[in-house]
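Listed below are the residues making up each chain.
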Amino acid sequence: MPLKLMDVEANYDACRALKGISFEVPEGSIVALLGPNGAGKSTTLRVISGVIRPSAGTIEFDGQRLERSSPEAIVKFGIVHIPEGRRVFPTLTVLENLKMGAYMRRDASGIRDDLEKVYGLFPILKKYAKHHAGSLSGGEQQMLAIGRGLMARPRVLLLDEPSLGLSPKLVTEIFRIVRTINTENKTSILIVEQNARMALGVAHYGYVLQVGKIVISGTARELEEKDAVTSSYMGRVQCNI
Amino acid sequence: MFAQQLMSGIATGSLYALTAVAIVLIFRNTRTINLAQGDFSMVGAFMALVFFQVLHLSLILAFVATLISVIVLAVLVELLVMRKIRNADWLTLFTATLGVYYILHGVSGWIWGRDTKSFPNIFSVTPVSIGGMLISEAHVINILIAGGIGLLLFLFFKYTRAGIAMRAITDDVEAAQLMGIPVKFVVTLTWAVGGFLAAFAGMLLAPIIYVSPGMMDTVLIKGYVGAVFGGLYSIPGAIVGSLMIGIAENIAGGYLGAQYKVTIAFVMIVLILAFRPRGLMGGQARREV
Ligand SMILES: Nc1ncnc2c1ncn2[C@@H]1O[C@H](COP(=O)(O)OP(=O)(O)OP(=O)(O)O)[C@@H](O)[C@H]1O
Ligand SMILES: [Mg+2]
């Protein structure tokens, strides 16, 4: 079942951040959401995960309407949002962070299996399991943020700028892992990125957002050929009503 | 003499710590400096009198009933007052707890009267000898109970899902929400823990300071000063701060006279705010349980 947004609008006080956007994330696919600073990419993810309520439009997943659901309910549906800037719990240990990712789950043995899977994907997390998350490097924190999200056993993963501030080598590593998560668990992934080339490299479909509207859409191959995608990253757009 | 004053200082300080830790827990999860924390204890002390002396429940039943009453009171304050304004700025939250403080003072005075009531000494005050030091049995028991509660909290925050979630919310509310942690429920639970601590503080302090609507007023200040020692974030900091206040006021009381007991807490708060505004544990306050 795809995740489907229809005519979704969202506001921050006087700022209209999303002006009616529609797109879908087909089951098992990777979709890249691109666009300049302030376009509304993070807002799109926050609307899906229920942190902010859309002022209009519908969000559908698995035959269920999500736009009025609480963030907890949305995690239960299997949609997990890994926020921009990693946002690990700095005073909790790595293991405690991972446990919090599985907060909604009651299947102790499934949680144990998934913990081993996450450790397999990110051996460094096992090594630092007892360390405070705040003491990890940026790259390690990003791995923890992804691992913590995976502990919820997501069917759809919303990833906000996972490569931000990482060295080129780590960026490649993160994208390799994104692909692995998609192929091994059939997890659908909606990935927001500044790094358009890398994102389109792993994605099946892509959308370009500009001041709250989708201006370009197509398969990743099609978007790679359009210059518009890379040239749309010019300056920061201020919110206009 | 000095060692004895040290011990009684630790005994009273450990009771202040019950208030200080509750203030820290509620503050770091809700940005609320809870001025009603002392009054939760005060209502608890009155309830204990009702259960024990009026309804003639057994000691243990009266104790459990008091514990439940105070937890219910704290949860009601959260659900009926604080939740409605949870997104407001800290000053609004603070002022709301001031309102609760006056309401609880007023209602208690109206129901139970404004005069001071004595509270039965549950534990004997006859001194026992420990390592050559004479210390009242009540002091020993207070230290043991407060220590036991400290251990219980430590285990709760370290090993239970709800306890770890409470710390996660302290770190990052929005990230906690994204992980599916039911933030509203965990905040209610935080107030419930505040009520739990308040009930113990009320029942253990009542035999010492007697029962009246204003009984907790100075204890609240001392607990707050203890909490400030931990930068309002660190539980170990709040405990250390409270013990220091207990010790300092006992020693000051012993050498300078009892009327200096309260003054010493204020002197300490001025000193901390002047020299270590982020608490005794300073920058690392956010790193601890
Ligand atoms: N909490 C907020 N309050 C008010 N306005 C906000 C808030 N968050 C975002 N905005 C505004 O909404 C618009 C969209 O922001 P959003 O964060 O979704 O952009 P973005 O595409 O994720 O940008 P970036 O690449 O910088 O992460 C921007 O104009 C931004 O200034
Ligand atoms: Mg963003």
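Cut-offs and rules
Residues numbered from 1 in each chain as written. Chains lettered and ligands numbered in written order. Predicted model: local features only at pLDDT ≥ 70, side-chain atom pairs only at ≥ 80, totals over all residues. Heavy atoms only, no water. Helix = DSSP H or I, 4+ residues; strand = E, 2+ residues; numbered from the N terminus. Rg over C-alpha atoms; globule rule 2.2 N^0.38 Å. Lys, Arg positive; Asp, Glu negative; His and termini not counted. Charge placed at Lys NZ, Arg CZ, Asp CG, Glu CD. Buried < 20%, exposed > 50% of the residue type's maximum accessible area, 1.4 Å probe, protein only. Contact = heavy atoms within 4.5 Å. Areas by Shrake-Rupley, 256 points an atom, 1.4 Å probe, with all protein chains shown as cover. Donors = N, O, S within 2.8 Å, 3.2 Å for Na, K, Ca; no water. Pairing = 2+ DSSP bridges. Axes fitted to C-alpha atoms, helices over the stretch in contact; angles between N-to-C directions. Near = heavy atom within 4 Å. Polar contact = N/O pair within 3.5 Å; in protein donor to acceptor, adjacent residues only side chain to side chain. Buried area = accessible area lost by both parts, 1.4 Å probe. Salt bridge = Lys/Arg side-chain N within 4 Å of Asp/Glu carboxyl O. Nonpolar A, V, L, I, M, F, W, Y, C, P; charged D, E, K, R; others polar. Left-handed = near helix turned anticlockwise from the far one by under 90°. pLDDT = per-residue confidence, 0-100. Expected span 1.5 Å × (residues − 1). 1 Å grid on protein atoms, 1.4 Å probe; cavity = no way out; pocket = protein on both sides within 12 Å on 5 of 7 lines; lining within 4 Å. Points joined across faces, edges and corners; volume = space filled by probe spheres on them.

Visitor: Please clarify how the overall build of chain B should be interpreted in this entry.
Guide: The helix and strand inventory of chain B stands at 11 helices and two strands. Counting helices and strands in the order they occur from the N terminus, chain B gives α-α-α-α-β-β-α-α-α-α-α-α-α. Taken over C-alpha atoms, the radius of gyration comes to 19 Å for chain B, in line with the 19 Å a tight globule of 289 residues would show. Once the 17 positive and 11 negative side-chain charges of chain B are each reduced to a mean point, those two points are 5 Å apart.

Visitor: Sorry if this is basic, but what is going on with the overall build of chain A here?
Guide: Helices and strands together make up the secondary structure of chain A, namely 10 helices and 10 strands. Over its C-alpha trace chain A gives a radius of gyration of 17 Å, about what one expects of a compact globule, namely 18 Å for 241 residues. Taken along its principal axes, the extent of the C-alpha atoms in chain A is 45 × 40 × 30 Å. Each of the 241 residues in chain A was classed as buried or not, and the buried ones make up 54%. Long-range contacts, defined as pairs at least 24 residues apart, comprise 68% of the intrachain contacts of chain A with a sequence gap of at least 6. On chain A, roughly 10,300 Å² of surface is accessible, and the fraction owed to carbon and sulfur atoms is 51%. Computing the positive centroid from 31 side-chain charges and the negative centroid from 25, chain A places the two 4 Å apart.

Visitor: Quick question: what am I supposed to make of the side chain of Arg46 of chain A here?
Guide: For Arg46 of chain A, the location among the structural elements is in helix H1 (residues 41-48). In contact with Arg46 of chain A, not counting residues within four places along its chain, are Tyr12, Val51, Ile52 and His81 of chain A together with Glu174 of chain B.

Visitor: I tried to follow the coordination of the magnesium ion (ligand 2) on my own but got confused; where do I start?
Guide: Around a metal, the idealised angle for a tetrahedral arrangement of four donor atoms is 109.5 degrees; for an octahedral arrangement of six donor atoms it is 90 or 180 degrees. Within the protein, the atoms that donate to the magnesium ion (ligand 2) are Ser42 of chain A (OG) and Glu84 of chain A (OE), at distances of 1.9 to 2.3 Å. Remark: Glu84 of chain A occurs in the loop between strand S6 (79-82) and helix H3 (94-101) and Ser42 of chain A occurs in helix H1; sequence separation between them is 42 residues.

Visitor: Please clarify how the sheet that holds strand S4 (residues 56-61) of chain A should be interpreted in this entry.
Guide: Residue and element names in this part refer to chain A. Pairing within the open sheet is antiparallel, and its four strands lie in the order S2-S1-S4-S5. Bordering the open sheet on either side are strand S2 (15-25) and strand S5 (64-65), each of which pairs with just one other strand. As paired strands, S4 and S5 are joined by two bridges and run antiparallel to one another. Following the sheet pairing, Phe61 is matched in S5 by Gln64. Contacting strand S1 (3-12), S2 and S4, H1 runs over the sheet at an angle of about 110° to S1.

Visitor: I tried to follow the site of ligand 1 on my own but got confused; where do I start?
Guide: All names here are of chain A. Near ligand 1 lie 16 residues; those nearest to it are Asn37, Gly38, Lys41, Ser42 and Thr43. Glu84 places a polar side-chain atom, nitrogen or oxygen, 3.2 Å from an oxygen atom of ligand 1. Within the side chain of Glu161, one N or O atom sits 3.3 Å away from an oxygen atom of ligand 1. Protein chains shield 73% of the accessible area of ligand 1, which is 630 Å² for the free molecule.

Visitor: Hey, could you run me through the environment of Thr66 of chain B in this one?
Guide: All names here are of chain B. Looking at where Thr66 falls in the secondary structure, it is placed in helix H3 (residues 59-82). In this structure, the C-alpha to C-alpha distance between Thr66 and Phe46, residues 20 residues apart in sequence, is 8.9 Å. In contact with Thr66, other than residues within four places in its own chain, are Gly44, Met47, Ala48, Phe51, Ala199 and Met203.

Visitor: Where do I start with the interface of chain B and chain A in this structure?
Guide: Contact residues are listed per partner, giving 20 residues for chain B and 24 residues for chain A. Around 2,300 Å² of area is buried between chain B and chain A when both sides are counted, 58% of it from carbon and sulfur atoms. The interface formed by chain B and chain A contains three salt bridges. Between Arg46 of chain A and Glu174 of chain B there is a salt bridge, with the nearest N and O atoms lying 3.1 Å from each other. Contributing elements (two or more residues each) for the side of chain B that touches chain A: helix H6 (161-171) and helix H7 (173-178) of chain B. Among the elements that make up the side of chain B that touches chain A, the one with the highest residue count is H6 of chain B (six residues). The class makeup of the residues in the side of chain B that touches chain A is 10 nonpolar, two polar and eight charged.

Visitor: Even after reading the chapter, I still don't get the packing of helix H1 (residues 2-30) of chain B against helix H10 (residues 235-256) of chain B, so can you show me in this structure?
Guide: Working note: a packed helix pair is described by the angle between its axes plus the distance between those axes. Residue and element names in this part refer to chain B. Between H1 and H10, the shortest axis-to-axis distance is 6 Å and the interhelical angle comes to 145°. Here H1 and H10 pass one another in a crossing that is right-handed. Here the residues of the contact of H1 with H10 sort into 17 nonpolar, 10 polar and two charged.

Visitor: Hey, could you run me through the confidence of the model for chain B in this one?
Guide: In regions of low pLDDT, the predicted coordinates are not meant to be interpreted in detail. All names here are of chain B. Per-residue pLDDT for chain B averages 90, and the proportion of residues at 70 or more is 96%. Long-range and interchain partners of residues 283-289, a stretch whose pLDDT sits below 50, account for 21 contacts in this model, where long-range means more than four residues apart. Predicted as a complex, the structure gets a pTM of 0.91 and an ipTM equal to 0.91.

Visitor: Can you help me understand the pairing of S4 of chain A in this one?
Guide: The side chains of a regular strand alternate between the sheet's two faces. All names here are of chain A. Inspection of the sheet shows S1 paired to S4 by five bridges, in the antiparallel sense. Its bridge partner being in S4, Leu5 is matched across the sheet by Ile59. Linking S4 to S5, which pair antiparallel, is a turn of two residues; within it Asp62 sits at a positive phi near 60°.

Visitor: Please explain the side chain of Asn34 of chain B as it appears in this structure.
Guide: Residue and element names in this part refer to chain B. Relative to the helices and strands, Asn34 resides in the loop between H1 and helix H2 (37-54). Looking at Asn34, its side chain comes within polar contact range of the main-chain nitrogen of Ala36, at 3.0 Å. Setting aside anything within four residues of it in sequence, one finds Asn34 in contact with Ile23, Ile26, Phe40, Thr97, Trp191 and Leu220.

Visitor: Help me out: how do you make sense of the packing of H3 of chain A against helix H6 (residues 138-150) of chain A in this one?
Guide: All names here are of chain A. Their axes nearest at 7 Å, the elements H3 and H6 cross at an angle of 35°. The handedness of the crossing between H3 and H6 comes out as right-handed. In this structure, H3 uses Val94, Asn97, Leu98 and Gly101 to contact H6, whose residues at the interface are Leu144, Gly147 and Arg148. Tallied by class, the residues present in the contact of H3 with H6 amount to three nonpolar, three polar and one charged.

Visitor: Looking at this model, I keep getting lost on H10 of chain B. Mind explaining?
Guide: In an α-helix, one turn spans 3.6 residues; hence positions three or four apart end up facing the same way. Residues and elements named next belong to chain B. Taking 1.5 Å of rise per residue, the 22 residues of H10 would be expected to cover 32 Å, and the 31 Å separating its terminal C-alpha atoms lies within 8% of that figure. Looking at where H10 begins, the residue whose side-chain oxygen comes 2.9 Å from the main-chain nitrogen of Gly237 is Ser234. Backbone geometry just downstream of H10 places Gly257 in the positive-phi region, at approximately 120°.

Visitor: Teacher, can you tell me more about the layout of surface pockets here?
Guide: Size it by volume and the largest pocket reaches roughly 830 Å³. Around the largest pocket, the lining is made up of 32 residues, and of these Arg86, Asn87, Val173, Val183 and Val187 of chain B lie nearest the centre. Broken down by secondary-structure element, the contributors of at least two residues to the lining of the largest pocket are helix H2 (71-77) of chain A together with H1, H3, H6, H7 and helix H8 (183-209) of chain B. Residue classes in the lining of the largest pocket are distributed as 14 nonpolar, eight polar and 10 charged.

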